[in-house]
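Given next are the chains, with one letter for each unit.
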Amino acid sequence: MQKFYVVGTPIGNLEDVTHRAVRVLGEADIVLCEDTRVTAKLLARYGIAKPTMSYHSQSKLAKTEKILTLIEEGKTLALVSDAGTPAISDPGSMLVSKIRERFPNIEIIAIPGPSAVVSALSISGLPASEFLFLGFLPHKKGRETLFKEIAGSERTIVFYESPHRIMRTLASLAKYVPKKRVVIAREISKMYEETVAGTIAEIIAHFENHPEKARGEFVVMVGAK
Ligand code: SAM
């Protein structure tokens, strides 16, 4: 049966790719990439010479149709994002949904790999048997409501944050969850990997004392207490 692969790739360290992911990428006819230049580095590292095609959040319907035509022609496609697991705060879910709709007989296969949300939780020390993942917080509309939800939550809350907004987000947390335990995982698997845990006041003090550390990629986790 024809297959469509959704392949997890590293979130920093290029060694964090599975043997199976390397084999599947090597066997696919075309690798669909969020940014072909980013994925080219991973493919080069593992000696994979494959045609790539971009598929990202700005991709138009025509691109989706082109991909569906390739599937119709019998091509084996593998979807990756720039980092981690496709469709998790990344492009992919819309395409997978269209493939399911158009080709009910195609097998859509997950090739499990890293995801920043799971990696961060695993080192947080916060209860993680159940948690609420919020992806990226909205910039404006709904933001305050979400912070109120975080304040009232009895579950561990996890979300992604960009370096441009991290200090603003920490300031909001100081307003809404002054007492809860907060853990920030930054640059997981990269050279400046760091985890900071404590009250929000302690975390803000850490980044104010080391402004050079308020950079990179962040996962923010807020405990229930
Ligand atoms: N699909 C990805 C996944 O499975 O983790 C997430 C993609 S999302 C566009 C990118 C966000 O994930 C970053 O802004 C950051 O919040 C988080 N992230 C990705 N890599 C990370 C890393 N190495 N360390 C910490 N956070 C990371």
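See above for the structure.
I will try to describe carefully the structure that is included in this document. Please read all numbers here as calculations on a predicted model, not as lab measurements. (Residues numbered from 1 in each chain as written. Predicted model: local features only at pLDDT ≥ 70, side-chain atom pairs only at ≥ 80, totals over all residues. Heavy atoms only, no water.)

Next up on the list: the overall build of the protein. Along its length, the protein carries 8 helices and 10 strands. Taken over 225 residues, the protein has a buried fraction of 45%. Across the protein, every contact between residues at least 6 apart in sequence was considered, and the portion connecting residues at least 24 apart equals 70%. Carbon and sulfur atoms make up 53% of the accessible area of the protein, which amounts to about 11,800 Å² in all. In the protein, 30 positive and 25 negative side-chain charges are present, and the distance between their average locations comes to 3 Å. (Helix = DSSP H or I, 4+ residues; strand = E, 2+ residues; numbered from the N terminus. Buried < 20%, exposed > 50% of the residue type's maximum accessible area, 1.4 Å probe, protein only. Contact = heavy atoms within 4.5 Å. Areas by Shrake-Rupley, 256 points an atom, 1.4 Å probe, with all protein chains shown as cover. Lys, Arg positive; Asp, Glu negative; His and termini not counted. Charge placed at Lys NZ, Arg CZ, Asp CG, Glu CD.)

Residues in close proximity to the ligand total 19 residues, the closest being Ile11, Asp90, Ser115, Ala116 and Phe218. At a separation of 3.3 Å, a nitrogen atom of the ligand approaches a polar backbone atom of Ala83. Glu217 places a side-chain nitrogen or oxygen 3.4 Å from a nitrogen atom of the ligand. When the free accessible area of the ligand is taken as 570 Å², the share hidden by the protein chains comes to 92%. Those elements that place two or more of their residues in the shell around the ligand are strand 7 (156-161) and strand 10 (218-222). For the shell around the ligand, a count of residues per class yields 10 nonpolar, 4 polar and 5 charged. Residue assignment places the shell around the ligand across two domains, with domain 1 (3-111) and domain 2 (116-222) each supplying three or more. (Near = heavy atom within 4 Å. Polar contact = N/O pair within 3.5 Å; in protein donor to acceptor, adjacent residues only side chain to side chain. Nonpolar A, V, L, I, M, F, W, Y, C, P; charged D, E, K, R; others polar. Domains from an automatic or database assignment.)

A word on helix 4 (residues 93-102). Buried within helix 4 are the following residues: Leu95, Val96 and Ile99. Down the axis, helix 4 shows its buried residues gathered within 100° of arc, on one side only. What points out from helix 4, more than 90 degrees from its buried face, is the exposed set Met94, Arg100 and Glu101. Elements in contact with the buried residues of helix 4: strand 1 (3-7), strand 2 (30-33), helix 3 (61-72), strand 4 (77-79) and strand 5 (107-111). (Arc of directions from axis to C-beta.)

Spatial relationships are all this shows, so hold off on functional conclusions.
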